[in-house]
Amino acid sequence: MSYKDLYNEWLSNPYFDEETKKELQGISNDEKEIEERFYKELEFGTAGLRGIIGAGTNRMNYYTVRKATQGLANYINKVNGGDRGVAIAYDSRHMSPEFADAAALCLNANGIKAYVFESLRPTPELSFAVRELGCIAGINITASHNPAAYNGYKVYWEDGAQVTPPHDIGITEDVNKVGITDAKTMDKDEAVKAGLYVVIGKEIDDRYISELKKLVRHQDAIDAVKDDIKIVYTPLHGTGNIPCRRILDELGFKNVYVVEEQELPNGDFPTCPYPNPEAAQAFELAVKLGTEVGADLLLATDPDADRIGIYVKGEKPGEYHPLTGNMQGCLLAEYEIGEMKATNTLPADGALIKTIVSTDMANDIAAYYGVELIEVLTGFKYIGEKILQFEQTGKGHFCLGFEESYGYLIGTHARDKDAVVAVMAFCEAAAYYKTKGLSLYDKINEMYARYGYWADQVKSITKEGKEGIEMIGRTIENLRSDAPKSLGDYKVCKIRDYKKGVIVDVATNEETPTGLPESNVLYYELEGGAWVAIRPSGTEPKLKFYYGLKGESHADAADKIEKLGSSVVTLVDNMMK
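This one's a predicted model, so the numbers in the text were calculated from it and none came from an experiment. (Residues numbered from 1 in each chain as written. Predicted model: local features only at pLDDT ≥ 70, side-chain atom pairs only at ≥ 80, totals over all residues. Heavy atoms only, no water.)

Enquirer: Got a minute to help me understand the overall build of the chain in this structure?
Expert: Helix and strand content of the chain: 19 helices and 23 strands. Taken against the 2.2 N^0.38 rule, which gives 25 Å for 577 residues, the C-alpha radius of gyration of the chain at 24 Å falls within 12% of a compact globule. In terms of overall dimensions, the chain has C-alpha extents of about 70 × 55 × 50 Å along its principal axes. In the chain, buried positions account for 57% of the 577 residues. Sequence separation of 24 or more characterises 70% of the internal contacts of the chain that already satisfy a separation of 6 or more. Measuring between centres, the 64 positive side-chain charges of the chain sit 1 Å from its 89 negative side-chain charges. (Helix = DSSP H or I, 4+ residues; strand = E, 2+ residues; numbered from the N terminus. Rg over C-alpha atoms; globule rule 2.2 N^0.38 Å. Buried < 20%, exposed > 50% of the residue type's maximum accessible area, 1.4 Å probe, protein only. Contact = heavy atoms within 4.5 Å. Lys, Arg positive; Asp, Glu negative; His and termini not counted. Charge placed at Lys NZ, Arg CZ, Asp CG, Glu CD.)

Structure (structure tokens):
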């Protein structure tokens, strides 16, 4: 069917509700919008679904959610997991509770029990609930930090991590076999009466918070400064408000100031249209409040509370320094692994895990403390996969995992990034260093002196719509076929092509395997330990490029990273044809 035929099918088929048809009738004179909504089906990728809310095959709506869930249900029953049930959570976005119910009732119609949270919950608690309840899978309705127009659908497997091979492949194949009008559903009252739709809440909350508290290393330090340390926190209108405030309260922190304007859930995200803790705009109100109260640190979690951003107090009153996702990960690794070492609790086979596009300062930290440094593909599910591997083989001990995109995990209670445990850990670290006469800013400067002046940056180019996606695809293929010999002042030494699975030595043309699964990423190893990586985003219409290096000083590193970034932008612009 052509996109226009599909559009007319949605208008005429009695399967689609009148509200949907009314929305589609409203775009009858906009051929480009019709094409955008129907030129393809919303892709069910390895992370599930993510897209703009609205009617159409290429949008997030009841029908695309049901289709995805029908495919998931078919796969679950195929592997004989239907009797174990599926946990379902959702965030503060528009249509999140409605999509959660659509998924639950589709599962129920296929004879699969759904454990649905009574109200919005963070992503990491969903990950925790899957394992705690012994479920075969989990579904989370969220679009993470995307703008308000978006929503999404993430699938988790029994280990609590987002699905990885072979399950992601199997589920995707089954989803693709389902027609949009083939998905089953049932009446909610009947599902509840049959014991298929089960509401969960407080009991799981209590178990989750209890597990987090077990990860505290220095309660004595918290007790010592709990009346002095000042913390500003904002949930950015999302799910973090209750659990983050609860954990800090139960640990004894007395001075926690919440940004009032961003406290309550709101799918419009009125104070920060792009609710991303990486963005300076998201922190404007927190900085204002922090300056007023003299806060030691400022924290923001994204709408589904799996990612966190931090500002630390500088040397001057009212001065706050934003930390990159890489610096946050390294600070957390320094505290957690360093204190394991100091208290003789560091396992002999300890491991620090990071993604391939995260800073190499982590390599230096791992070497300093004598733990293994493991690199995985972008996507926290690969860190979760490593934790499962450690458990299954009995070899390797998970110390901490992080990715440069502001995602962190300590402990194995969850298998996805957890901003709630990160809020707890960063506040604990601030308290501990305060007892030593250090601020977090002081500690970071100590780390630069020890490990070198690393600088890392991320840039992206956004290309919306069908044409934009095609342009992003062409650009990375152009880079693949016409590899640069140098970037800025640096010669390219090796090229890792994770799609082809090879590392090519530029001088000798010798090829070695990457040792990682296939992924559409190009990684350039440059002279002097510098590097550049380029990949299309898996969740947004963006081409992302990452780069890092070590300088002789802050000023030297800043100058060099700026020049390297400019050369990467020029390269991408030339290839974007």
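Enquirer: Teacher, can you tell me more about the packing of aromatic side chains here?
Expert: One pass over the full model with this rule turns up 21 aromatic pairs. When the ring of tyrosine 335 is compared with that of tyrosine 432, the centres are 5.7 Å apart and the planes differ by 55°; the resulting orientation is tilted. In this pair, tyrosine 335 sits in helix H13 (residues 325–342) while tyrosine 432 sits in helix H16 (residues 419–435), placing the two residues 97 residues apart along the sequence. Residue tyrosine 335 is classed as buried on the basis of its relative accessible area, which comes to 0%. Tyrosine 432 gets classed as buried once you look at its relative accessible area, which sits at 13%. Plain terms: the ring middles of tyrosine 408 and phenylalanine 426 are 6.1 Å apart, the flat faces sit at 90° to each other, and that makes the pair edge-to-face. Of this pair, tyrosine 408 sits in strand E15 (residues 407–409) while phenylalanine 426 sits in helix H16; the two residues are 18 residues apart in sequence, bridging distant segments of the chain. When sorted by exposure, tyrosine 408 lands in the same class as phenylalanine 426, which is buried. Site record: aromatic cluster; members linked through ring pairs are Tyr7, Trp10, Tyr15, Phe16, Phe38 and Tyr63. The ring of tyrosine 523 has arginine 496 lying over it, and the distance from NZ or CZ to the ring centre is 3.8 Å. (Phe/Tyr/Trp six-rings, centres within 6.5 Å; stacked < 30°, edge-to-face > 60°. Lys NZ or Arg CZ within 6 Å of the ring centre and 35° of its normal.)

Enquirer: Mind showing me how you'd approach helix H5 (residues 96–109) here?
Expert: An α-helix turns once every 3.6 residues. As a result, residues three or four positions apart point the same way. Over its 14 residues, H5 extends 20 Å from the first C-alpha to the last, a length consistent with the 20 Å expected when each residue adds 1.5 Å. The buried fraction of H5 amounts to 11 of the 14 residues, a majority that puts the element mostly inside the structure. Of all the positions in H5, only Ser96, Phe99, Ala100, Asp101, Ala102, Ala103, Ala104, Leu105, Cys106, Leu107 and Asn108 are classed as buried. Phi turns positive, to about 80°, at glycine 111, one or two residues after H5. (Expected span 1.5 Å × (residues − 1).)

Enquirer: What should I look at first to understand the pattern of salt bridges in this one?
Expert: Proximity of charged atoms lets side chains of opposite charge pair with each other. With the rule as written, the count across this model stands at 45 salt bridges. The salt bridge partner of lysine 434 is aspartate 296, with a shortest N-O separation of 3.1 Å. Of the two residues, lysine 434 sits in helix H16 while aspartate 296 sits in the loop between helix H12 (284–293) and strand E9 (297–301), which places them 138 residues apart along the sequence. Put simply, lysine 354 and glutamate 375 hold a salt bridge, and the shortest N to O gap is 2.7 Å. Of the two residues, lysine 354 is situated in strand E12 (residues 350–355) and glutamate 375 in strand E13 (residues 372–376); the sequence distance between them amounts to 21 residues. For glutamate 375, a relative accessible area of 22% corresponds to the partly exposed category. (Salt bridge = Lys/Arg side-chain N within 4 Å of Asp/Glu carboxyl O.)

Enquirer: What's the story with the sheet that holds E13 in this structure? I'm lost.
Expert: Within a sheet, adjacent strands bond to each other through the backbone by hydrogen bonds, running parallel or antiparallel. Read from one edge to the other, the open sheet built from 4 strands follows the order E13-E12-E14-E15, with strand pairing classed as mixed. On the outer flanks of this sheet lie E13 and E15, each paired with one strand and no other. Averaged over all pairs of adjacent strands, the angle between strand axes in this sheet comes to 20°, irrespective of strand direction. Relative to E15, strand E14 (residues 397–403) runs antiparallel, the two being bridged by 3 bridges. When the bridges of E15 are listed, glutamate 403 appears paired with glycine 407. Across the sheet, helix H14 (residues 361–369) lies against E12, E13 and E14, angled at about 175° from E12, the strand it touches most. In this fold helix H15 (residues 381–393) packs onto E12, E13, E14 and E15, with an angle of close to 175° to the strand it touches most, E14. (Pairing = 2+ DSSP bridges. Axes fitted to C-alpha atoms, helices over the stretch in contact; angles between N-to-C directions.)

Enquirer: Sorry, what's going on with the state of the cysteines here?
Expert: Inspection of every chain in the model, using the stated rule, returns 0 disulfides. A disulfide-free cysteine, cysteine 272 has its sulfur positioned 15 Å from the sulfur of cysteine 244, the nearest such atom. Among the cysteines around cysteine 399, which has no disulfide bond, cysteine 330 carries the closest sulfur, lying 14 Å off. Judged by relative accessible area, cysteine 399 falls into the buried class, the value being 3%. (Disulfide = S-S within 2.5 Å.)

Enquirer: Can you walk me through the layout of surface pockets in this structure?
Expert: Unfilled space is identified by rolling a water-sized probe across the atoms. Counted as a void, the second largest pocket has a volume near 530 Å³. Where the lining of the second largest pocket is concerned, the elements lending two or more residues are strand E11 (320–322), H13, helix H17 (440–451), strand E16 (453–462) and helix H19 (554–575). A per-element tally of the lining of the second largest pocket places H19 first, with 5 residues. (1 Å grid on protein atoms, 1.4 Å probe; cavity = no way out; pocket = protein on both sides within 12 Å on 5 of 7 lines; lining within 4 Å. Points joined across faces, edges and corners; volume = space filled by probe spheres on them.)

Enquirer: Explain the environment of glycine 179 here, please?
Expert: Along the polypeptide, glycine 179 turns up in the loop between helix H7 (167–177) and helix H8 (188–193). Look at glycine 179 and you get partly exposed, because its relative accessible area is 22%. When the C-alpha positions of glycine 179 and threonine 64 are compared, they lie 9.8 Å apart, and in sequence the two are 115 residues distant.

Enquirer: Where do I start with the pairing of strand E19 (residues 502–505) in this structure?
Expert: For a regular strand, side chains alternate in direction, first toward one face of the sheet and then toward the other. Two strands pair when backbone bridges link them, and strand E18 (residues 490–497) and E19 are joined in this way by 4 bridges, in the antiparallel orientation. Counterpart to aspartate 497 in the pairing with E19 is valine 502. In this antiparallel pair of consecutive strands, E18 and E19, the connection spans 4 residues, and glycine 501 shows a positive phi of 80°. For E19 and strand E20 (residues 511–513), the ladder comprises 3 bridges, and the chain directions are antiparallel. Residue pairing for E20: isoleucine 503 is matched across the bridge by threonine 512. Hairpin connection of E19 to E20: 5 residues between the antiparallel strands, including asparagine 509 at a positive phi of 65°.

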